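Coordinates in review
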Amino acid sequence: MQATALLHLLQLSSPSLPIGAYSYSQGLEAAIENGRVNSEAAARDWIGHALHEVVARFEAPIFARLVAAFEARDADAITRWTERFVAARDTSEFRAETIQMGYSLGKLAADLKLGDAELLALLQAQPEVPLPTALAFATVALQVPREAAVLGMLFAWAENQVLACVKTVPLGQVAGQRILLSLQPELEQAAATALTLEDDDLCNWAPGLSLLSMQHEVQYSRIYRS
């Protein structure tokens, strides 16, 4: 992997990317509120299960397909996978999260003048831009290899989940870094899964997580937006 592409990947995966990722917990705050996640071990277990059962089997594979579609300048495939991802957001918070972050990243990409006019037109043709679509556009515009981009996307997701636990359980900073280190082989496995699943094998069936998200919508006291 060339140094330029690596630096681009690090920038896309950075928590300093101004798209608001830090303000979402994806249902995790509700799990902390009701006591399901109350320790380092429980946090590690929660993040690992969500990684393998939801993100690696749906969000990451769709992101990989969107990267391939932008690489091929395939407008129909971009629209198809974008629509499927948005349709699969089964709570108002999950839907609002991906649309807000996708909009922010798309605007940032336009402000930074990433990609050529044709590539940008493919992004802007979408009525709604979820995060995977905007991230796929930026990945191709910055010429980051697809396999590395999937791993970077997964790491950024895991890091955000760990930070939510550090701030809310709460856990110490050392505990947070220990969780991230322990997740490294699982992130590699999740990336491999995401890149090899067939279309018919994609699945985001996680009714417990959906219920937690709905509970979070009416949670009395909260820090995060999801």
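Keep in mind it's a predicted model, so treat the numbers as computed, not measured. Numbers given to residues run from 1 along each chain, matching the order in which its sequence is written. Where totals are concerned, whole chains, interfaces and linings use all residues; where local detail is concerned, this predicted model gives features only for residues with pLDDT of at least 70, and gives and counts side-chain atom pairs only at 80 or more. Neither water nor hydrogens contribute to the side-chain values; these are computed over all heavy atoms in the structure.

With that out of the way, let us pick up the side chain of Ser25. Its location among the elements puts Ser25 in the loop between helix 1 (3–13) and helix 2 (28–33). A 1.4 Å probe rolled over the protein chains alone gives each residue an accessible area, and that area as a share of the maximum for its type sets the label: buried under 20%, exposed over 50%, partly exposed in between. A relative accessible area of 0% means that Ser25 is categorised as buried. Pairs of N or O atoms within 3.5 Å make up the polar contacts considered here, provided that, within protein, one atom can donate a hydrogen while the other can accept it, and that residues adjacent in sequence are counted only when both atoms are side-chain atoms. Among the polar contacts made by the side chain of Ser25, one reaches the main-chain carbonyl oxygen of Ser226 at a distance of 2.6 Å. Other than its neighbours up to four places away in sequence, Ser25 contacts Gln161, Ala164, Tyr224 and Ser226. Secondary structure elements follow DSSP: runs of H or I of four or more residues count as helices, runs of E of two or more count as strands, with numbering from the N terminus. Contacts are residue-level and defined by heavy atoms, with any inter-residue pair within 4.5 Å sufficient.

A separate point is the nonpolar core. Definition of nonpolar core: a set of buried residues of the types Ala, Val, Leu, Ile, Met, Phe, Trp, Tyr and Cys, connected through side-chain atoms within 4.5 Å. Ranked by size, the top nonpolar core spans 78 residues in total, and within it Val37, Phe70, Phe137 and Leu154 carry the most contacts. Setting aside anything within four residues of it in sequence, one finds Phe70 in contact with Ile78, Leu119, Leu122, Leu123, Thr133, Ala136, Phe137 and Val140.

Together, Met1, Leu6, Leu7 and Leu10 give the surface a local cluster of nonpolar side chains, amounting to about 410 Å² of exposed area. Structurally, the position occupied by Leu7 is in helix 1. By relative accessible area, which is 55% here, Leu7 ends up exposed. Residues with no salt bridge and a relative accessible area higher than 30% make up the patches, which join like charges within 9 Å and nonpolar side chains (Val, Leu, Ile, Met, Phe, Trp, Tyr) within 5 Å. Exposure was quantified through the Shrake-Rupley algorithm and a 1.4 Å probe, taking into account, for residues, occlusion by the shown protein chains and nothing else. A pair is scored as a salt bridge if a Lys or Arg side-chain nitrogen falls within 4 Å of a carboxyl oxygen belonging to Asp or Glu.

What follows deals with the environment of Glu186. Structurally, Glu186 can be placed in helix 9 (residues 173–196). The sequence separation of Glu186 and Leu9 amounts to 177 residues, and the corresponding C-alpha distance is 19 Å. Leaving out residues up to four positions away in the same chain, Glu186 has contacts with Arg44, Gly48, Leu51 and His52. At 2.7 Å, the side chain of Glu186 and the side chain of His52 are in polar contact.

Our next topic: the packing of aromatic side chains. For Phe, Tyr and Trp, where Trp contributes only its six-membered ring, two rings pair if their centres lie within 6.5 Å, and the inter-plane angle classes them as stacked under 30 degrees, edge-to-face over 60, or tilted in between. By the definition in use, this model includes two aromatic pairs. Taking the centre distance of 6.2 Å and the plane angle of 20° together, the rings of Phe58 and Phe85 count as stacked. Taken as a pair, Phe58 in helix 3 (residues 40–71) and Phe85 in helix 4 (residues 75–87) lie far apart in primary sequence, 27 residues in all. According to the relative accessible area criterion, Phe58 is buried, its value standing at 9%. An angle of 70° between the planes, with centres 6.0 Å apart, marks the rings of Phe70 and Phe137 as edge-to-face. Separated by 67 residues along the polypeptide, Phe70 in helix 3 and Phe137 in helix 7 (residues 131–141) bring together distant segments of the chain. The same class applies to Phe70 as to Phe137, namely buried.

For helix 1, every residue scored as buried is listed here: Ala5, Leu9, Leu12 and Ser13. The buried residues of helix 1 occupy one face: seen down the axis, they fall within an arc of 90°. Structural note: helix 1 exposes Ala3, Leu7 and Leu10 on the side pointing more than 90 degrees away from its buried face. The arc in question is the one traced by the directions running from the helix axis out to the C-beta atoms.

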